Amino acid sequence: MILGWAGQSPLAFFLSVSAFSLRSAPVQHFAGWQEEEQQGETDTVQSAAALCVGVGSFADPDDLPGLAHFLEHMVFMGSLKYPDENGFDAFLKKHGGSDNASTDCERTVFQFDVQRKYFKEALDRWAQFFIHPLMIRDAIDREVEAVDSEYQLARPSDANRKEMLFGSLARPGHPMGKFFWGNAETLKHEPKRNNTDTHARLREFWMRYYSAHYMTLVVQSKETLDTLEKWVTEIFSQIPNNGLPKPNFGHLTDPFDTPAFNKLYRVVPIRKIHALTITWALPPQQQHYRVKPLHYISWLVGHEGKGSILSYLRKKCWALALFGGNGETGFEQNSTYSVFSISITLTDEGYEHFYEVAHTVFQYLKMLQKLGPEKRIFEEIQKIEDNEFHYQEQTDPVEYVENMCENMQLYPLQDFLTGDQLLFEYKPEVIAEALNQLVPQKANLVLLSGANEGKCDLKEKWFGTQYSMEDIENSWAELWKSDFELNPDLHLPAENKYIATDFMLKAFDCPETEYPVKIVNTPQGCLWYKKDNKFKIPKAYIRFHLISPLIQKSAANVVLFDIFVNILTHNLAEPAYEADVAQLEYKLVAGEHGLIIRVKGFNHKLPLLFQLIIDYLAEFSSTPAVFTMITEQLKKTYFNILIKPETLAKDVRLLILEYSRWSMIDKYRALMDGLSLESLLSFVREFKAQLFVEGLVQGNVTSTESTDFLKYVVDKLNFMPLEQEMPVQFQVVELPSGHHLCKVRALNRGDANSEVTVYYQSGARSLKEYTLMELLVMHMEEPCFDFLRTKQTLGYHVYPTCRNTSGILGFSVTVGTQATKYNSEVVDKKIEEFLSSFEEKIENLTEDAFNTQVTALIKLKECEDTHLGEEVDRNWNEVVTRQYLFDRLAHEIEALKSFSKSDLVNWFKAHRGPRSKMLSVHVVGFGKYELEEDGTPSSEDSNSACDVMQLTYLPASPLLVDCTIPIIDIRGFTSRLNLLPYHKIVK
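Residues numbered from 1 in each chain as written. Predicted model: local features only at pLDDT ≥ 70, side-chain atom pairs only at ≥ 80, totals over all residues. Heavy atoms only, no water.

Examining the layout of surface pockets
- In this structure, the second largest pocket spans a volume of roughly 1400 Å³.
- If you go around the second largest pocket, you meet 47 residues; those closest to its centre are Glu 72, Asn 100, Ala 101, Glu 150 and Tyr 796.
- Mapped by element, the contributors of at least two residues to the lining of the second largest pocket are helix 3 (67-74), helix 4 (87-94), strand 4 (98-103), helix 6 (137-154), helix 7 (158-167), helix 26 (767-791) and strand 24 (798-805).
- Grouping the constituent residues of the lining of the second largest pocket by class yields 16 nonpolar, 16 polar and 15 charged. (1 Å grid on protein atoms, 1.4 Å probe; cavity = no way out; pocket = protein on both sides within 12 Å on 5 of 7 lines; lining within 4 Å. Points joined across faces, edges and corners; volume = space filled by probe spheres on them. Helix = DSSP H or I, 4+ residues; strand = E, 2+ residues; numbered from the N terminus. Nonpolar A, V, L, I, M, F, W, Y, C, P; charged D, E, K, R; others polar.)

Some remarks on the sheet that holds strand 26 (residues 917-924)
- Pairing is mixed across the open sheet formed by 6 strands, whose spatial order is 24-25-23-26-22-27. Each edge of the open sheet carries a strand with a single partner, namely strand 24 and strand 27 (965-966).
- Alignment of strand 24 against strand 25 (residues 808-818), held across 8 bridges, turns out to be antiparallel. Counterpart to Pro 800 in the pairing with strand 25 is Val 813.
- The strands touched by helix 22 (residues 645-657) within the sheet are strand 22 (738-745), strand 23 (753-763), strand 24 and strand 26, with strand 26 carrying the most contacts at an inclination of about 145°. (Pairing = 2+ DSSP bridges. Contact = heavy atoms within 4.5 Å. Axes fitted to C-alpha atoms, helices over the stretch in contact; angles between N-to-C directions.)

Re the sheet that holds strand 12 (residues 458-459)
- Strand order in the open sheet formed by 7 strands is 9-10-8-11-7-13-12, and the pairing between neighbours is mixed. Both edges of this open sheet fall to strand 9 (319-325) and strand 12, since each of them pairs with a single strand only.
- Helix 21 (residues 624-642) contacts strand 8 (274-282), strand 9 and strand 10 (338-346) of the sheet and is inclined by roughly 70° relative to strand 9.

Quick notes on the UniProt feature "domain: Peptidase M16 middle/third" (unreviewed entry) in the chain
- When the UniProt feature table is mapped onto this chain numbering, "domain: Peptidase M16 middle/third" (unreviewed entry) sits at residues 389-670.
- The annotated region residues 389-670 carries 39% helix and 18% strand content, and the separation between its end C-alpha atoms amounts to 47 Å. (UniProt positions renumbered as here; feature names shortened; annotations may be inferred.)

Notes on helix 24 (residues 677-689)
- A rise of 1.5 Å per residue sets the reference length of helix 24, with its 13 residues, at 18 Å; its end C-alpha atoms lie 18 Å apart and thus fit the reference within 8%.
- For helix 24, the set of buried residues is Leu 677, Leu 680, Phe 683, Val 684, Phe 687 and Lys 688. Down the axis, helix 24 shows its buried residues gathered within 125° of arc, on one side only. For helix 24, exposure combined with an orientation more than 90 degrees from the buried face picks out Glu 678 and Arg 685.
- As for helix 24, its buried residues are in contact with strand 16 (539-547), helix 19 (555-581), strand 18 (594-602), helix 20 (606-618), helix 21 and helix 25 (703-717). (Expected span 1.5 Å × (residues − 1). Buried < 20%, exposed > 50% of the residue type's maximum accessible area, 1.4 Å probe, protein only. Arc of directions from axis to C-beta.)

Points about the environment of Arg 598
- Take Arg 598: it is sitting in strand 18.
- When the C-alpha atoms of Arg 598 and Leu 657 are compared, they prove to be 29 Å apart, with 59 residues separating the residues in sequence.
- With residues near it in sequence (within four places) discarded, Arg 598 still touches Ile 542, Arg 543, Glu 585, Tyr 586, Lys 587 and Val 589.

So, the packing of helix 26 against helix 27 (residues 824-843)
- Orientation of helix 26 relative to helix 27, taken along the N-to-C sense of each, is 125°, at an axis distance of 10 Å. Relative to helix 27, helix 26 is oriented oblique. Considering only the axes of helix 26 and helix 27, their crossing is right-handed. Between helix 26 and helix 27, the residues in contact are Leu 776, His 779, Met 780, Pro 783, Cys 784, Phe 787 and Leu 788 and Lys 830, Ile 831, Glu 833, Phe 834, Leu 835, Phe 838, Lys 841 and Ile 842, respectively.
- Its residues assigned to classes, the contact of helix 26 with helix 27 comprises 11 nonpolar, 1 polar and 3 charged. (Parallel < 35°, antiparallel > 145°, perpendicular 65-115°, else oblique. Left-handed = near helix turned anticlockwise from the far one by under 90°.)

With respect to the packing of aromatic side chains
- Applying the stated rule across the entire model yields 54 aromatic pairs.
- Ring geometry for Phe 110 and Phe 130: centres 5.1 Å apart, planes at 75°, overall edge-to-face. On the criterion of sequence distance, the pair formed by Phe 110 in strand 5 (residues 108-114) and Phe 130 in helix 5 (residues 119-131) is long-range, its members being 20 residues apart.
- On the accessibility criterion, Phe 130 (0% relative accessible area) is buried.
- Joined through ring pairs, the aromatic side chains of Phe 76, Phe 88, Phe 110, Phe 112, Phe 119, Trp 126, Phe 129, Phe 130, Tyr 210, Trp 231 and Phe 236 make up one cluster.
- Its guanidinium or amino end placed over the ring of Phe 602, Lys 539 lies 5.2 Å from that ring's centre, counting from NZ or CZ. (Phe/Tyr/Trp six-rings, centres within 6.5 Å; stacked < 30°, edge-to-face > 60°. Lys NZ or Arg CZ within 6 Å of the ring centre and 35° of its normal.)

With respect to the pairing of strand 13 (residues 466-470)
- When strand 7 (residues 264-267) meets strand 13, the two strands line up antiparallel, connected through 4 bridges. The residue bridging Tyr 265 from the neighbouring strand is Met 469, located in strand 13.
- Across 2 bridges, the pairing between strand 12 and strand 13 is antiparallel. Counterpart to Lys 459 in the pairing with strand 13 is Gln 466.
- Counted along the chain from strand 12 to the antiparallel partner strand 13, the turn is 6 residues long, and its residue Gly 464 has a positive phi close to 70°.

Focus: the UniProt feature "domain: Peptidase M16 C-terminal" (unreviewed entry) in the chain
- Using the residue numbers shown here, the UniProt feature "domain: Peptidase M16 C-terminal" (unreviewed entry) corresponds to residues 198-383 and 675-856.
- The annotated region residues 198-383 carries 39% helix and 19% strand content, and the separation between its end C-alpha atoms amounts to 52 Å.
- When the span residues 675-856 is considered, its composition is 46% helix and 26% strand, and the gap between its end C-alpha atoms is 52 Å.

Describing the packing of helix 26 against helix 30 (residues 888-897)
- Closest axis-to-axis distance for the helix 26/helix 30 pair is 9 Å, and the angle between their directions is 70°. Taken together, the axes of helix 26 and helix 30 lie roughly perpendicular to each other. In contact with Leu 767, Lys 768, Tyr 770, Thr 771, Glu 774 and Leu 775 of helix 26, helix 30 contributes Arg 888, His 891, Glu 892, Ala 895 and Leu 896.
- Along the lines of polarity and charge, the residues of the contact of helix 26 with helix 30 split into 5 nonpolar, 2 polar and 4 charged.

A look at the pattern of salt bridges
- This model, assessed by the stated rule, comprises 59 salt bridges.
- Between Lys 366 and Asp 483 there is a salt bridge; the shortest N-O distance is 2.5 Å. Of the two residues, Lys 366 is situated in helix 14 (residues 354-371) and Asp 483 in the loop between helix 18 (474-481) and strand 14 (517-522); the sequence distance between them amounts to 117 residues.
- For Asp 483, a relative accessible area of 64% corresponds to the exposed category.
- Residue Arg 874 is joined to Asp 865 by a salt bridge in which the shortest nitrogen-to-oxygen separation is 2.8 Å.
- Owing to a relative accessible area of 9%, Asp 865 belongs among the buried residues under this scheme.
- Ionic contacts of the salt-bridge type, sharing partners, join the residues Glu 145, Asp 148, Lys 188 and Lys 821 into one network. (Salt bridge = Lys/Arg side-chain N within 4 Å of Asp/Glu carboxyl O.)

Some thoughts on helix 30
- Of the positions making up helix 30, those classed as buried are Arg 888, Glu 892, Ile 893, Ala 895 and Leu 896. Down the axis of helix 30, the sector holding all buried residues measures 160°, keeping them to one side. In helix 30, the exposed residues that point more than 90 degrees away from the buried face are Glu 894 and Lys 897.
- Among the structural elements, helix 26, helix 28 (847-862) and helix 29 (868-880) are those in contact with the buried residues of helix 30.

Here we look at the confidence of the model for the chain
- In the predicted model, the chain carries a mean pLDDT of 92, and the fraction of residues at 70 or more is 95%.
- Contacts of residues 1-9 to residues separated by more than four positions or lying in other chains number 27 contacts, the stretch itself having pLDDT below 50.
- Of the regions scoring below 50 in pLDDT, residues 17-42 engages in 57 contacts with residues more than four places distant in sequence or in other chains. (pLDDT = per-residue confidence, 0-100.)

Structure (structure tokens):
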């Protein structure tokens, strides 16, 4: 079912009839293909395509940094055949599709999905961007602003800052030293000053590098292969081929063999964090993909079981997490080098001992070098990867084609499907060669910590990162040059007892059902169960919600609950790690009303992992050192949430709407006031004493086995039932009529980003009305993007959303903008301008256009689940919210079929009149368009945070002062409002 083809056009492409057939060639166990044939073809899976151009930011000209990224934006702004600037997006939105693109160092990827019925037309529209894009001058100036906004959003990210700093260490002339993002300065202002014609250079870059023979294409749809081949040949053979050799950077080896490497860099991060990153730059490893030496090494370095680096550092209370390896992005692996890095999240104490932490890493690597590669370890990894590949679930079509078109650039035809996943051959000499390069003398150390502030005299050019460079301390440098001793606590992991060996599909032991059924119901808990008969894989999903009214009683309780879940996760990390690497996944989540336990993977050994988690929960304990370590880390976590404008905006909006919710600032204050280990242990005892436990088990499990999971929880925890049924939602305030404005200052002075959300409250509504709101928002998406981003250039992130706030319906429009470009109130006004124009737009909508959108939403809701996890997520949402409407989609589809255009228009108008209940939330960044308290423009020069213990409310400017009602004290405002009754959208 796989076809690799090279016809007249040198564009290589790959076809897939369906996700099932694609995998049925290499994976024999899938039964889905024959069933598809018998049932007749359906349109319930999206069709998708992805195209990879084998050129990326490495090809940027020196005088136009970011040009490759800018071109990725510009090719989508209309084509000769379809000139409408937003035409492709509008077409996809109309037919339930989506699209995206990304630029890497040596590759640029474009992808989209759409309903199958419109796939051929979508392919034709999309192909035109590679055949004859318009790239008109007028669009260039506007789209530069989108690229600049993307850069501004990326600036406060420590990961991006670290990458830029690392790239700057490359030897002069190597493309790693380039500024790949691009911004208004490099793509607009600087070229103007130099009389550079960006428009002409864009076209030149497109003609030179967007050539068919650098491209790989993957299409996936349920047509026959012959049909797909015919379409692709017809549509894509017009892509120009310039016949020029592909740019090659492979000769630029050893980019980091410079005096600037093998130093200690101290860096001031944006977030509150202590982290040590140790990095080596190795020769490119792509040619060893059949052995995957870095995968072998990272599997051992990143291990968390007994004898591992992290196990040792955790016992010392020096580290919380460790990630080792190569992320396989173009930044970490390209034709000039491969990175191997080890990043360790340090505790406060670990920061004080960072040299000892680095020494532990070097001791472990030296042990591996002395032992040499071990066949047992390699075969264990190989077995785990084989199991995962052979029993993998389908992925979303658009993700699958994206991954596959990149694989076509990297691997020979026979390994397109498997090259990035499997370990094919054991070659100890290849592993040893990579391993022996991981020595202290070749390592570069980066230490991130707020404690570095004031000690860093250097500044990275593009992201403004403050850093310093120094030699490794002499005593350590001398020790690492010598034949230092190994650490007896470090050793290889033991054999893994969690690797599945039984992949048999189980027989039904109760009647087959379409939806989950409640099979246990007692005062202490209930269990929902559904045996899988669709995906036929030897996997299962187990989810439990341990509900307690204790959590929301005070801000301190919410914090104690967070500490409890974090310590429980910490306690489990070592004993559960073997299960984790054997593809048995678990996650503990501190929900708002209870502890959520999620476990999934091969069903054979899954009960072992589940029981381990419940055992640790039942016997919960903590040492004072671990308690201190986790609370210190939680302070950083809360702080890092508060300094991001988008998360602060959400917190403020929900604090206004959901009565008795504790805000992140309330939680941060409670944590900073100090909590004791005794108060935690007392809280946990009380939490475990009285609960209601609700579970869902789905997959390759019998009903008898499923009841054992609930029985194990009840027996082990031995708790009393709740005295009365508890709502698992907040009560929501009823907003008064009018336009309310809550405007607060962002909490990071170094961040220009502002977030503006305009929310309309609807009320306690029916399922039919909820579906009408979804339809309204779907109609809104493309014109919203076109008006607020493409035409008004207000920001990179622009979107409308259908809001279900604890059962209360509403909708909102959000724009992420920058205070260096716009005042938040100007953005609010523009959102109002958009909504006014949108009212006119839907009034003038033809019946045809209305029906097309209804059909698109119906088709999206009819879409088959691509894997069991999707079905489980949907069912679990019904259980965890205690709504239990498992056939919700069927009801929504029925509702959609009954709507007329006038329903939509009247519904929108009803929310927009003088009685509308509007709430604008502005989180205001720092920049010249926003004023300080003294009336002077604010600046984003410093990297410091404001006082995060309280919100700074800002008054409305003359622009909104007369048409809004200010909220300058949230608790004071909400205490005067009516509370809406608890509501679930089930009827």
